[in-house]
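What follows is the residue order along each chain.
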Amino acid sequence: MAQTILITGANRGIGLALARQAHARGDSVIATARRPGEAEALNALTRRSGDITVVGADVTSPEQLAGIAAAEKRPIDLVVCNAGQYHARGALDDPAYTAEAWSGTLMTNVAGVFFTVRAFLPNLLAASAGRVAVISSIMGSSARAKGNAYIYRASKAAATNLACNLAAELAPQGIAVGAYHPGWVRTDMGGAAADVAAEDSAKGLLARFDALGLQSTGTVEDFEGNPIPF
Ligand SMILES: NC(=O)c1ccc[n+]([C@@H]2O[C@H](COP(=O)([O-])OP(=O)(O)OC[C@H]3O[C@@H](n4cnc5c(N)ncnc54)[C@H](OP(=O)(O)O)[C@@H]3O)[C@@H](O)[C@H]2O)c1
């Protein structure tokens, strides 16, 4: 059944692939981008048949998100917290671990999820069975600690933790929440050597989001439905 889906960071990578596929299957899509005027691939979708709205949002700005939510009168069936950053990939002595890298990544990957869900909660509650998908990563799994990429791993551990806590708080209000590892995906972030195409990741993720409900809320799984140790 067609639904209304909001996707953050939808101008490239996995977010764009999700927007394309949701739009192609007849869903109404609200796609956010930090610089919507430059989001050429996303804006191209608006010139095709179907229902897609492109809005400007930096997920580190609760004010921007609240403004979009207030202007958006429609119930939203699914909010996909996809926007993410990955800086500083080395060991402890990597000079890229600056205070700015820490704060920027944690604000986007962690606080951005919180701000997004809080802003769109009224729209989710207005839907008959609202759902939230947090795009996390297996790199946040403490069971798979590798001793590098400290900021990103910590941020994704926190994002998964947020999803689990949101699932606990929102279940009594009828909203289901899941955390998802999209695979190692060929995007600007994942790089050309990654083993999953963005289109395949998005296809799998959309199927997992369709399967999400109160019976499975709090799930932590990959794009193929395999449980992820947390
Ligand atoms: N690719 C992988 O292998 C992989 C694996 C595990 C998890 N993930 C997760 O999957 C999600 C998507 O990753 P991707 O591979 O598609 O990355 P990507 O190609 O680097 O795209 C990241 C997207 O997030 C947006 N973004 C970054 N900071 C933002 C902010 N503060 N506010 C709003 N949007 C922001 C970017 O917008 P701009 O264009 O404006 O920068 C872009 O649209 C991320 O959460 C990532 O951590 C990816």
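Residues numbered from 1 in each chain as written. Predicted model: local features only at pLDDT ≥ 70, side-chain atom pairs only at ≥ 80, totals over all residues. Heavy atoms only, no water.

Going by the annotation in an unreviewed UniProt entry, the name recorded for the chain is SDR family oxidoreductase, with Paralimibaculum aggregatum given as the source organism. Under the UniProt heading Sequence similarities (unreviewed entry), the entry covering the chain gives this text: "Belongs to the short-chain dehydrogenases/reductases (SDR) family." (UniProt positions renumbered as here; feature names shortened; annotations may be inferred.)

Caption draft 1: Looking closely at the pattern of salt bridges. A full pass over the atoms with the stated rule returns seven salt bridges. In this structure, Asp210 and Arg25 form a salt bridge, with 2.9 Å as the shortest nitrogen-oxygen distance. Residue Asp210 is found in helix α6 (residues 198–211), and its partner Arg25 is found in the loop between α1 (13–24) and β2 (28–33); the two are separated by 185 residues along the sequence. Linking Glu38 and Arg35 is a salt bridge whose minimum nitrogen-to-oxygen distance equals 3.4 Å. Taking the relative accessible area as the measure of exposure, Glu38 reaches 57% and is therefore exposed. Through salt bridges that share partners, Arg25, Asp27 and Asp210 make up one connected network. (Salt bridge = Lys/Arg side-chain N within 4 Å of Asp/Glu carboxyl O. Helix = DSSP H or I, 4+ residues; strand = E, 2+ residues; numbered from the N terminus. Buried < 20%, exposed > 50% of the residue type's maximum accessible area, 1.4 Å probe, protein only.)

Caption draft 2: Structural context of the packing of aromatic side chains. All chains considered together, the criterion is met by four aromatic pairs. Considering the side-chain rings of Tyr86 and Tyr152, the 4.1 Å spacing of their centres and the 15 degrees angle between planes classify their relative orientation as stacked. Here Tyr152 lies in helix α5 (residues 150–170) and Tyr86 lies in the loop between β4 (78–81) and α4 (99–126), a separation of 66 residues in the sequence. As far as the burial class goes, Tyr86 and Tyr152 line up, both buried. On the numbers, 5.0 Å between centres and 75 degrees between planes, the contact of Tyr180 with Phe209 is edge-to-face. Taken together, the residues Tyr180 in strand β6 (residues 176–181) and Phe209 in helix α6 connect sequence positions 29 residues apart. You can call Tyr180 buried: its relative accessible area is 1%. Here the basic side chain of Arg89 rests over the ring of Tyr86, its NZ or CZ set 3.7 Å away from the ring centre. (Phe/Tyr/Trp six-rings, centres within 6.5 Å; stacked < 30°, edge-to-face > 60°. Lys NZ or Arg CZ within 6 Å of the ring centre and 35° of its normal.)

Caption draft 3: Main features of unusual backbone geometry. Even without a glycine there, the phi angle at Ala88 is positive, about 60 degrees. Tracing the sequence through the fold places Ala88 in the loop between β4 and α4. The phi dihedral of Ala149 is positive, around 45 degrees, even though this residue is not glycine. Overall, Ala149 belongs to the buried group, its relative accessible area being 0%.

Caption draft 4: How the structure looks around the layout of surface pockets. Within this model, the largest pocket holds a volume of roughly 1,000 Å³. In terms of lining, the largest pocket is formed by 42 residues, of which the most central are Asn82, Gly84, Gln85, Thr187 and Met189. Mapped by element, the contributors of at least two residues to the lining of the largest pocket are α1, β2, α2 (40–45) and α5. Among the elements that line the lining of the largest pocket, the one with the most residues is α1, at three residues. Of the residues assigned to the lining of the largest pocket, the class counts are 16 nonpolar, 17 polar and nine charged. Put simply, the second largest pocket is a space of about 150 Å³. The residue makeup of the lining of the second largest pocket, split by class, is three nonpolar, two polar and three charged. (1 Å grid on protein atoms, 1.4 Å probe; cavity = no way out; pocket = protein on both sides within 12 Å on 5 of 7 lines; lining within 4 Å. Points joined across faces, edges and corners; volume = space filled by probe spheres on them. Nonpolar A, V, L, I, M, F, W, Y, C, P; charged D, E, K, R; others polar.)

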